[in-house]
Amino acid sequence: MSSLWEHIVFNKLEVDETLNSIIVPITIEYVNSFTIQNGMSLGSIAICAALLNVQHDKFWESVFNKLDNQNIYKYLTLRQTVDLLSALVEQGTYINHPLIAKLSGVVAQQKSYYQAFPEILSIIHKTNKILQ
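Residues numbered from 1 in each chain as written. Predicted model: local features only at pLDDT ≥ 70, side-chain atom pairs only at ≥ 80, totals over all residues. Heavy atoms only, no water.

Colleague: Describe the overall build of the protein chain, with residues and values.
Modeller: For the protein chain, the helix and strand inventory stands at eight helices and zero strands. Across the protein chain, helices and strands are ordered from the amino to the carboxyl terminus as α-α-α-α-α-α-α-α. Taking 14 Å as the expected radius of gyration for a compact globule of 132 residues, we find that the protein chain reaches 14 Å, a close match to that expectation. By principal-axis analysis of the C-alpha atoms, the protein chain measures approximately 40 × 30 × 25 Å. A buried classification covers 42% of the 132 residues belonging to the protein chain. The contacts of the protein chain with a sequence gap of at least 6 include a subset with a gap of at least 24, amounting to 71%. Charge separation in the protein chain, taken as the distance between the mean sites of 9 positive and 11 negative side-chain charges, equals 11 Å. (Helix = DSSP H or I, 4+ residues; strand = E, 2+ residues; numbered from the N terminus. Rg over C-alpha atoms; globule rule 2.2 N^0.38 Å. Buried < 20%, exposed > 50% of the residue type's maximum accessible area, 1.4 Å probe, protein only. Contact = heavy atoms within 4.5 Å. Lys, Arg positive; Asp, Glu negative; His and termini not counted. Charge placed at Lys NZ, Arg CZ, Asp CG, Glu CD.)

Below, the structure is given as structure tokens:
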């Protein structure tokens, strides 16, 4: 399922009502069944949906339930953590969601890891400016 979302984003496909009427409802069903083993796929879907500026409350409720309430955010890669934080902050709709603080905490905790990756550090700095 995540490869479908990645395909849409990376190929810059035009998004129309099909996304909300077909793809999002199917994705919700998948997301509701996800466990920690699907953490990276869930992270990818959330990143792509934020980049596409998906405005679908039930979709985000399902995603946030898994990532935040069920703590699946802890099973994202460190790069996904930064990308998800950045995408959600740039989208702006859920900037006050508790998951933002949790993702920011992970980034702060792993500061020494990110020092080795200048391109990731620039994303972190850009995101922090928006958050302030």
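There is more to say, and it comes next.
Colleague: Residues and numbers for the packing of aromatic side chains, please.
Modeller: For the coordinates displayed, the defined rule picks out seven aromatic pairs. Here Tyr113 and Phe117 contribute two aromatic rings whose centre-to-centre distance is 5.1 Å and whose plane-to-plane angle is 45°, an arrangement assigned as tilted. Members of the aromatic cluster, connected to one another through ring pairs, are Trp5, Phe59, Trp60, Phe64 and Tyr94. (Phe/Tyr/Trp six-rings, centres within 6.5 Å; stacked < 30°, edge-to-face > 60°.)

Colleague: Describe helix α5 (residues 78–91), listing the residues and the values that go with them.
Modeller: Its 14 residues give α5 an end-to-end C-alpha distance of 20 Å, which sits within 8% of 20 Å, the value for a rise of 1.5 Å per residue. Every buried residue belonging to α5 is among Gln80, Thr81, Val82, Leu84, Leu85, Ser86, Ala87, Leu88, Val89 and Gln91, and all of these are buried. Next to the buried residues of α5 lie α3 (39–51), α4 (57–69), α6 (98–109), α7 (111–114) and α8 (118–131). Just downstream of α5 lies Gly92, where phi reads positive at about 85°. (Expected span 1.5 Å × (residues − 1).)

Colleague: Describe in detail the nonpolar core, supporting the description with residues and values.
Modeller: One finds Trp5, Phe59, Trp60, Leu67 and Leu88 to be the most contacted residues of the largest nonpolar core, which totals 41 residues. Looking at this core, the elements that each hand over two or more residues are α1 (2–10), α2 (17–33), α3, α4, α5, α6 and α8. Not counting residues up to four positions away in its chain, the partners in contact with Phe59 are Trp5, Val24, Thr27, Ile28, Ile45, Ala49 and Val54. (Core = buried A, V, L, I, M, F, W, Y, C linked by side-chain atoms within 4.5 Å.)

Colleague: Break down a nonpolar patch on the surface for me, citing the residues and quoting the values.
Modeller: A cluster of nonpolar side chains, namely Ile22, Ile26 and Tyr30, defines an oily patch on the protein surface of about 280 Å² accessible area. Here Ile22 is to be found in helix α2. For Ile22, a relative accessible area of 45% corresponds to the partly exposed category. (Patch = residues over 30% accessible without salt bridge, like charges linked within 9 Å, V, L, I, M, F, W, Y side chains within 5 Å. Areas by Shrake-Rupley, 256 points an atom, 1.4 Å probe, with all protein chains shown as cover. Salt bridge = Lys/Arg side-chain N within 4 Å of Asp/Glu carboxyl O.)

Structural measurements only, silent on function.
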